[in-house]
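Now for the letters of each chain:
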Amino acid sequence: MQLAPAILGTLVLLAPSAAAQEGPTLSGYLPAGTTYDADFPNPASVLGWEVGAWHARHDQITRWFEVASERSDRVSLTSYGRTHEQRALLLATVTSPANHARIETLRTEHRHAVLSGDTSYEGPAIVWMGAGVHGDEPSGSNASMLLLYHLAAAQGPEIEAFLENTIVLIDPCVNPDGTARFAQWANQHKGRNLVGDPAHRDHTQAWPGGRTNHYWFDLNRDWLLLTHPESQGRVAQFHAWMPQVLTDYHEMGSGSTYFFQPGIPTRRNPFTPEENVELTRRIAAVHAEALDEIGSLYYTEESFDDFYYGKGSTYPDIHGAIGILFEQASARGHKIENEHGGLDFPFTIRNQFVTALSTLAAVDRMRDDLADYQLRFYRDALAESADHPVKAYVFGEDQDPLRTWDMVQLLRGHDIAVHRLGKRIRSEPDFDFRPRSAFVVRTDQSQHRLIRALFETRTSWDDNTFYDVSSWALPLCFDMATLELDDDSFDPDLLGELVDGRRHRPGKVHSVEDPAAWAFRWEHANAPRALALLLAAGVRTRVTTKPFAALNANPGTFLEFGPGTIVVPTGIQDVDSTEVRALIEEIANFGIDVWGIESGFTQTGPDLGSPSLHPIEVPELLMLVGRGTSNYEVGEIWHELDTRVDMPVSMVERHAFDRLDLDRYTHILLVSGATAGWGDEELAKLERWVRAGGIVIAQKSAAVWVAEKLMTNVDPEDEHAAHADEVDAKPADDAGATDEVAETKPPSYGDYQDLRGQQRVAGTIFATRLDRTHPLAFGFSRDVLPVFRNSTAVLPEAKDPFATPVRYTDAPLLSGFASDDNVAKFAGTPAVRAQRVGAGTVICMIDDPNFRGVWHGTRRLFANAVFFGGAIQRTGPLDDDESADSVEVEDQHGHH
């Protein structure tokens, strides 16, 4: 094959050693034989140095793109949002001046043609080129400056014809916050003499590193989840343009070479057509030719898969486009030694730039095939919907409209049409969907395949090895009541109005003239935020641990309130009643109904002065962070508390724990790695603090350590003996048989990686059972709670049968892959344990309740631990006299 000269010209070999010794040059990157406008500014004229001499920060990349758009009639620049740190998210549109003059028409006509199947449309091909989703993988973002220069300044009829037939969208920096963080790190360690020693400091970033965004989330897992503004804005632009090809530039270990897709053939999502892989292979052949020409090593069809649709290279696959992952061996700074003769930053940029050009060359050659495939993808999806047994999904939570609305907004963010429920569906005791709080998603729409990928559950595939999560079923993530409708049960009258705006049901203050208290239920997703608001204002609050019914003059009936209800007695407040009332009105603006209660004397259940209403202390949270801890878990907790609960958390380096004064804190939050390497001194300090009244909330590996060190557990030998007795009690099969047992074939060396991968739990959804009388389970409406698991660890069994409020069911696998051995290992084990220790409380969660910011069901467990940990009473085995005496004392005095 001949590379398209309009785009590539003749590639020139740029030796990495030359770039390292003499510094990068623009001519060393650009294809020879291409004429450039001598008056057009190049990146160095804006940056002050050649691309690759330093790591460009986001603001420097932005300035170059702004200058290019100001000087070129081929380039326009828009911002599709801002990051958490308020950096602009940019998208450059590069095409011919004639196309720019009618760019909005071209965009809308292309989108209409794709969704309607209009084969008569012959508009330009559309390519999206994104880089820098991981801030410490900078070669793609730096290469984007060269790409824009090439497309804006190259001269001649070939490039003009290419741009007339193509619209190139360049997203130069998907993660500006992480990019800025890493560029500063790499540049501050650069001297006149570059150091390639892998142990050199610039190759080992300080925690948390530059990979993630402001809240330390991996944005390359957020395309589907839309937790962050970067993803929300980008995906909105993706649907506005509907590109036929999207490229995603990354870096990998310094000892590697260069990877581009296709990935592992057997690890393709079942909803991605095989033709997608075939087209990717054709494009890959062009990359191979380009890299061969410059002597770069590369590989394909290994290491990476195309299963999880939440990544930049796979999200296009469920939208009729070709997503392509590029992975360049990383220089980790400016230069690093490796087994291939060393690697420097300009070399990594050059490879990314070359494959950007080869992508455009392939699109130029394959434009008709790519356009035809995209149209057929959506046409075939609609045809599949006619034969699919599920015609619609109904979902909703009447007691938590915000959680429901968040799921609606996520679906709409993926261009999925959602209707309000037109009439009530009642199927007691399982379902009661009401028009005011339930919604309908029809499956006969262009996003049919994505809808199925989001709603369906599955537990087995031909290849059960996964690079990332194996399930992301939204109803389980949201702990959402969901009903499938088939042909017989679907009724067009169930379709109410189409949801077309960001509106959710506001709350209401149900007032009385002189309330003895205000109360709101805990089921609403914003209830923790409301409680945090009251506590921050100095309002005294209580949580009821038992149900009660009380009188409200409007509507003049007794209202039932369940455990977890927040009660604000008016007679004990230091805060002025007018200010309290203003806070109650603000809570209603969160979408929560707040009820005035006429009297502290209730109709049923505890009166409002009862010890069953536990005072809530203002949480002073400490989270141990830093090297060794999981920055993902830390970031998830920080994001949850900061953006949703709206309360602060002190993040302190774990190495400072031994000299930290713990007296100011009420809670200590421990994530994976927080307790690694701890010995007797750290344990003693933590235990003293807990026994004095502190609350520990630990998750994952930290939960195992805490449970083993601070909780009362069943003796493992007793468990083993009990299991052995069960085995001995079973009759032997064919006792006394003398037939020879068939020899078991040992595993092959070549199968090790696959077999090892199948023993992992990369990301799977399991069922747990709640004890809804326990404070940690307040606010849940069902006994079974889906949880996300991505480890094989288990909590030790509690000696106290009342100390496990959340436990895996006996058949726990709901969706995703886990080996039979792992499913049996998790079955019946504790998911959450809680135990009083001295005057304090220890809470251990084996899983991550705030995973990726999208587990709206289990995030309530975390909020309950924060606010209600102090309300957990001391319990113990019923045959333990000492435990029974302790409980009696606590019942009488309200504390131990």
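The model shown is predicted, which means the values in this text are computed figures rather than measured ones.

Turning next to a negative patch on the surface. The grouping of Glu484, Asp486, Asp487 and Asp488 at the surface amounts to a negative patch. One can find Glu484 in strand 17 (residues 482–485).

Now for the sheet that holds strand 26 (residues 613–615). Here six strands make up an open sheet; going across it, the order is 19-25-20-24-21-26 and the pairing mixed. With one partner strand each, in any of the chains shown, strand 19 (509–510) and strand 26 form the two edges of the open sheet.

For the bond from Trp207 to Pro208, the omega torsion is 5°, close enough to zero to count as cis. For Pro208, the location among the structural elements is in the loop between helix 10 (176–188) and helix 11 (229–241). The phi angle at Asp415 is positive, at roughly 65°, despite the residue not being glycine. Looking at where Asp415 falls in the secondary structure, it is placed in the loop between helix 14 (401–413) and strand 13 (419–421). Not every positive phi belongs to a glycine, and Asp646 is a case in point at roughly 65°. Here Asp646 is to be found in the loop between helix 19 (631–645) and strand 28 (650–653).

Residues Leu670, Leu686, Ile843 and Phe867 are the most contacted members of the largest nonpolar core, which totals 99 residues. Counting residues per element, this core draws most heavily on helix 21 (residues 701–710), which supplies seven residues. Listed in part, the 69 residues of the second largest apolar core include Tyr149, Leu151, Met242 and Ile324.

Another aspect to go through is the confidence of the model for the chain. On average, the chain scores 91 in pLDDT, and the residues at 70 or more come to 90%. Every residue in residues 722–738 is under pLDDT 50, and counting partners more than four places away or in other chains gives zero contacts. Here residues 887–896 is modelled with pLDDT under 50, and outside its nearest four sequence neighbours on either side it reaches 12 contacts, counting other chains as well.

This part covers the packing of aromatic side chains. Per the stated rule, a full pass over the model turns up 38 aromatic pairs. Residues Trp223 and Phe238 carry aromatic rings whose centres are separated by 6.4 Å and whose planes lie at 90° to one another, so their mutual orientation is edge-to-face. Linking Trp223 in the loop between helix 10 and helix 11 with Phe238 in helix 11, this pair joins segments that are 15 residues apart in sequence. The burial state of Trp223 is the same as that of Phe238; both residues are buried. Between Phe238 and Tyr315 the ring centres are 5.3 Å apart and the planes differ by 70°, which places this aromatic pair in the edge-to-face class. One end of the pair, Phe238, is in helix 11; the other, Tyr315, is in the loop between helix 12 (274–294) and strand 9 (322–329), with 77 residues separating them in the sequence. The same class applies to Phe238 and to Tyr315, which are both buried. The lysine or arginine in question, Lys190, covers the ring of Trp54, its NZ or CZ lying 4.1 Å from the ring centre. Between the NZ or CZ atom of Arg449 and the centre of the ring of Phe377, over which it lies, the distance is 4.5 Å.

The next thing to look at is the environment of Ala793. The topology assignment puts Ala793 in the loop between strand 32 (784–789) and strand 33 (806–815). Taking relative accessible area as the criterion, Ala793 reaches 28% and is therefore assigned partly exposed. Put simply, Ala793 and Glu302 are 491 residues apart on the chain and 28 Å apart in space, counted from C-alpha to C-alpha. Discounting chain neighbours no more than four positions away, the residues touching Ala793 are Val704, Phe826 and Ile846.

Helix length check: helix 10, at 13 residues, gives a terminal C-alpha distance of 18 Å against a target of 18 Å (1.5 Å per residue), a fit within 8%. Within helix 10, 10 of the 13 residues are buried, which leaves the element mostly enclosed by the surrounding structure. Among the residues of helix 10, Pro176, Asp177, Gly178, Thr179, Ala180, Phe182, Ala183, Trp185, Ala186 and Asn187 are the ones counted as buried. Here the buried face of helix 10 lies against helix 5 (58–71), strand 3 (88–94) and helix 11.

Let's shift gears to the pattern of salt bridges. On inspection of all chains with the given rule, the structure shows 39 salt bridges. Across the pair Asp491 and Lys423 runs a salt bridge, and its minimum N-O distance is 2.8 Å. Placement of Asp491 in the loop between strand 17 and strand 18 (495–498) and of Lys423 in the loop between strand 13 and strand 14 (425–427) is noted, with a sequence separation of 68 residues between them. For Asp491, a relative accessible area of 22% puts it in the partly exposed group.

Right, let's get into the sheet that holds strand 12 (residues 392–396). Overall, antiparallel pairing links the five strands, which are arranged 17-12-16-13-18 in an open sheet. Looking along the sheet, the strands with just one partner apiece sit at the ends: strand 17 and strand 18. Going from strand to strand, the sheet's axes swing by 30° on average, the running direction of each strand aside. Judged from the two bridges that link them, strand 13 and strand 16 (residues 438–442) form a sheet pairing that is antiparallel. Each bridged residue has a counterpart across the sheet, and for Arg420 the counterpart in strand 16 is Phe439. Across the sheet, helix 14 is in contact with strand 12, strand 13 and strand 16; its angle to strand 12 comes to roughly 145°.

Reading the values: the criteria
- Residues numbered from 1 in each chain as written.
- Predicted model: local features only at pLDDT ≥ 70, side-chain atom pairs only at ≥ 80, totals over all residues.
- Heavy atoms only, no water.
- Patch = residues over 30% accessible without salt bridge, like charges linked within 9 Å, V, L, I, M, F, W, Y side chains within 5 Å.
- Areas by Shrake-Rupley, 256 points an atom, 1.4 Å probe, with all protein chains shown as cover.
- Salt bridge = Lys/Arg side-chain N within 4 Å of Asp/Glu carboxyl O.
- Lys, Arg positive; Asp, Glu negative; His and termini not counted.
- Charge placed at Lys NZ, Arg CZ, Asp CG, Glu CD.
- Helix = DSSP H or I, 4+ residues; strand = E, 2+ residues; numbered from the N terminus.
- Pairing = 2+ DSSP bridges.
- Core = buried A, V, L, I, M, F, W, Y, C linked by side-chain atoms within 4.5 Å.
- Buried < 20%, exposed > 50% of the residue type's maximum accessible area, 1.4 Å probe, protein only.
- pLDDT = per-residue confidence, 0-100.
- Contact = heavy atoms within 4.5 Å.
- Phe/Tyr/Trp six-rings, centres within 6.5 Å; stacked < 30°, edge-to-face > 60°.
- Lys NZ or Arg CZ within 6 Å of the ring centre and 35° of its normal.
- Expected span 1.5 Å × (residues − 1).
- Axes fitted to C-alpha atoms, helices over the stretch in contact; angles between N-to-C directions.

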